[in-house]
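So you can see what is in the structure, the chains are spelled out below.
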Amino acid sequence: MSGKQIKLFLVDGTPGGLSTAEITNWTGHVLTAPRSDVGELLRRPEASRTGVYLLLGDDESSIGGVRCYVGEADVIGDRLRYHLRDKDFWDRVAVVTSKDTNLTKSHVRYLESRLISLAHQAGRSTLENGTAPAVPPLPEADQSDMDYFLQQLHIVLPVLNINVVRSRRVEGTGQVSSALASPVFRLVNQRAGVDASAQQIDGEFTVLAGSAVVPQWRGKGTAESTIKAYSSYRALHEKLVSDGAIVVEGATATFSRDVPFPSPSTAGAICVGRACNGRVEWVSSEGTFGAWESRGVS
């Protein structure tokens, strides 16, 4: 796998302030800022360019804990001034423009449409966009350029802790990325009808589409800490069912898409409906997940 050099610059020298990100030999440019620094952002040259932007805020009800709005504008700064008045949910913004200023209105409308679609597919965030605009037609060469642009965004946005479009699919190819992917692990409980598969992909433990899991959370606890943890698991399972990530049909349930989890134990608990030691219960032909995770450690 070839490496990527990403250049991060902390404009004011602090990790939570205005920041820029670029990939070597990529024309794209990403500028992020907390809402409190938008005034400074608006004084920068990027604010007068054509581009797309993501407004980001907290949302405990979403899988990734994020609420997001995707937009585009001829002049990014004008649109952000408007959103300061009409949208209260966001506390962070990411502005995507081009260093060579060659992005046109048609280009950014294409990027906006694809980003909204990818965010829906990833299922990590609650989208504020009421509608998903149709993908506008572009000349074949321009479409190829914009698909490459999206591939680079798939790399740079997660580095900035923006995961709303992150998935294991390589944008523009439809292929599954093999980068930093573990063996496929299985968790099987025949009595509960569970036969789930998962991989750790780019550092995220991901339950794969098609996994058979329990239709509802079943665990019960007595200790206060256990009751609280189980309540959290139950809420997450119900959220996955409500947004279609888990499709329930009678006494069976199946993951309809790949879903990342913060740990193999959380993933296992959602799959079997009870507490789970994921490092022991997820198993591949190479052994347990815990053994794979500790490979190469003497």
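What you see as residue numbers is a count from 1 along each chain, following the sequence as written. Only residues with pLDDT of at least 70 are given local features in this predicted model, and only at 80 or more are side-chain atom pairs given and counted; all residues enter the totals for whole chains, interfaces and linings. The basis for every side-chain value is the complete set of non-hydrogen atoms in the structure, without hydrogens or water.

Within soluble globular proteins, side chains that are nonpolar generally end up buried alongside one another. In terms of nonpolar packing, the biggest core is built from 31 residues, with Val-30, Leu-54, Phe-149, Leu-153, Val-156 and Ile-162 touching the most fellow members. In this description a helix means any DSSP run of H or I spanning at least four residues, a strand means any run of E spanning at least two, and both kinds are numbered starting from the N terminus. If you list the elements that add at least two residues to this core, you get β2 (19-23), β4 (51-58), β5 (66-73), β6 (92-98), α3 (105-122) and α4 (140-159). In terms of residue count, the dominant contributor to this core is α3 (7 residues). Here a residue-residue contact requires only that any non-hydrogen atoms of the pair lie within 4.5 Å. Not counting residues up to four positions away in its chain, the partners in contact with Phe-149 are Trp-26, Thr-27, Gly-28, Val-96, Thr-97, Leu-103 and Leu-111. In this text, buried Ala, Val, Leu, Ile, Met, Phe, Trp, Tyr and Cys residues form a nonpolar core when linked through side-chain atoms within 4.5 Å. With a 1.4 Å probe rolled over the protein chains alone, any residue whose accessible area is under 20% of its type maximum counts as buried; one over 50% counts as exposed, and the rest are partly exposed. Judged by nonpolar contacts, the second largest core, of 29 residues, contains Leu-187, Tyr-233, Ala-267 and Trp-292.

Turning our attention to α4. Expected span of a helix, by definition, is 1.5 Å for each gap between consecutive residues, and there is one gap fewer than residues. End to end, α4 covers 30 Å across 20 residues, agreeing with the expected 28 Å (1.5 Å per residue, within 8%). Maximal helix bending in α4 amounts to about 25°, located at Leu-153. All buried positions along α4 are accounted for by Met-146, Asp-147, Phe-149, Leu-150, Gln-152, Leu-153, His-154, Val-156 and Leu-157. Among the structural elements, β1 (6-10), β2, β3 (28-34), β6 and α3 are those in contact with the buried residues of α4. Immediately downstream of α4, the backbone of Asn-161 shows phi near 65°, a positive value. Think of it this way: the bend at a residue is just the angle between two axes, each fitted to seven residues, one set ending at that residue and the other starting at it.

Below, the discussion takes up the confidence of the model for the protein chain. Low-pLDDT portions of the prediction should not be read for the details of their coordinates. Mean pLDDT over the protein chain: 90, with 94% of residues reaching 70 or higher. Every residue in residues 171-178 scores below 50 in pLDDT, and together they form 18 contacts with partners more than four places removed in sequence or on other chains. Along the chain, pLDDT gives the predictor's confidence residue by residue, from 0 to 100.

One side-chain nitrogen of Lys or Arg within 4 Å of one carboxyl oxygen of Asp or Glu is enough to make a salt bridge. Evaluated as defined, the whole model comprises 12 salt bridges. Across the pair Glu-46 and Arg-44 runs a salt bridge, and its minimum N-O distance is 3.2 Å. The buried category is assigned to Glu-46, whose relative accessible area is 5%. Asp-59 serves as the salt-bridge partner of Arg-67, at 2.8 Å between the closest nitrogen and oxygen. Through salt bridges with shared partners, a single ionic network connects Asp-59, Arg-67 and Glu-128.

Secondary-structure assignment places Gly-123 in the loop between α3 and β7 (125-127). You can call Gly-123 buried: its relative accessible area is 12%. Here the alpha-carbon distance between Gly-123 and Val-165, two residues 42 residues apart in the chain, equals 8.2 Å. Apart from residues lying up to four places away in sequence, Gly-123 is in contact with Ile-63, Asp-243 and Arg-257.

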